[in-house]
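Remarks on the overall topology
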Amino acid sequence: MTLTFHIRPANVHDVDAMLGLVQDLATYEKQPESARATPAMFRENIFEKKYAHALLAFDGTPEAPGIALGMALYFFNFSTWTGKPGLFLEDLYVSPDARNKGIGKALFAELGKIAQEKDCARLDWSVLKWNTPSIAFYEQTLKAKAMEEWMGMRLEEQGIENLQKFAVHGA
């Protein structure tokens, strides 16, 4: 049986569905305790301050939508080398029962359309090294290239706070 689905930009009324998908993703990535986002955080940072954007895939049609099946959450960055914006895919998740039905491809197609509309030079994302099904999809289906020479780096809240010890005072 073919799954009928549609994709649309998320809106503030979708926050609970988005957080449900985020929690499912965190569980899939074996880190459910790390997903600490709240509805208030999503409303403020995605829909008010617009730090990020999201696409949602829903079962059914736009006229008769069902449950959220997948999500792509992204934001824009900038490349000093290309002189153009880039689109960074923070998270892409499709519910297990809805996988292998074209939803991931359709979400990437929408991201590609947005990247072209914004004249982005790149569409980047990260994938966990153990997530071999996703890596295979990215490399074989999308023809994406692994960034083997790059290593991700991160500072979390305490690390960001600690940067203040390097601040230049009294300019």
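Above this text you will find the structure in question.
Attention in this report is confined to the structure presented alongside it. (Residues numbered from 1 in each chain as written. Predicted model: local features only at pLDDT ≥ 70, side-chain atom pairs only at ≥ 80, totals over all residues. Heavy atoms only, no water.)

Once that is clear, we can look at helix α1 (residues 15-28). Each α-helix winds once per 3.6 residues, and so residues spaced three or four apart point in a common direction. Helix length check: α1, at 14 residues, gives a terminal C-alpha distance of 20 Å against a target of 20 Å (1.5 Å per residue), a fit within 8%. For α1, the full list of buried residues reads Val-15, Met-18, Leu-19, Leu-21, Val-22, Leu-25 and Ala-26. Angularly, the buried residues of α1 cover 160° about the axis, an arc narrow enough to put them on a single face. Taken together, the buried residues of α1 touch α2 (39-48), β2 (53-60), β3 (65-79) and β4 (84-94). Just downstream of α1 lies Lys-30, where phi reads positive at about 65°. (Helix = DSSP H or I, 4+ residues; strand = E, 2+ residues; numbered from the N terminus. Expected span 1.5 Å × (residues − 1). Buried < 20%, exposed > 50% of the residue type's maximum accessible area, 1.4 Å probe, protein only. Arc of directions from axis to C-beta. Contact = heavy atoms within 4.5 Å.)

All right, on to the pairing of β3 then. Bridge count for β2 against β3 is seven bridges, and the pairing is antiparallel. Bridge pairing in β3 links Leu-56 to Met-71. Taken together, β2 and the strand that follows it, β3, pair antiparallel across an intervening segment of four residues. In this structure, β3 lies alongside β4, joined through ten bridges in antiparallel fashion. Bridge pairing links Leu-73 to Asp-91 in β4. Taken together, β3 and the strand that follows it, β4, pair antiparallel across an intervening segment of four residues, in which Gly-83 is found at a positive phi of about 70°. (Pairing = 2+ DSSP bridges.)

Once that is clear, we can look at the packing of aromatic side chains. Each aromatic ring pair is specified by the distance between its two centres and by the angle formed by the two planes. In total, this model carries eight aromatic pairs according to the counting rule given. Ring centres of Trp-125 and Tyr-138 lie 5.1 Å apart, and the angle between their planes is 70°; this geometry places the pair in the edge-to-face category. Highlighted residues: Trp-125 in strand β5 (residues 122-125) and Tyr-138 in helix α4 (residues 132-141), separated in sequence by 13 residues. Assessed through its relative accessible area of 22%, Trp-125 is described here as partly exposed. Among the aromatic side chains, those forming a connected cluster through ring pairs are Phe-108, Trp-125, Phe-137 and Tyr-138. If you follow Lys-30 out to its NZ or CZ, it ends over the ring of Trp-130, 3.9 Å from the centre. (Phe/Tyr/Trp six-rings, centres within 6.5 Å; stacked < 30°, edge-to-face > 60°. Lys NZ or Arg CZ within 6 Å of the ring centre and 35° of its normal.)

Shape is all these values report; function is a separate question.
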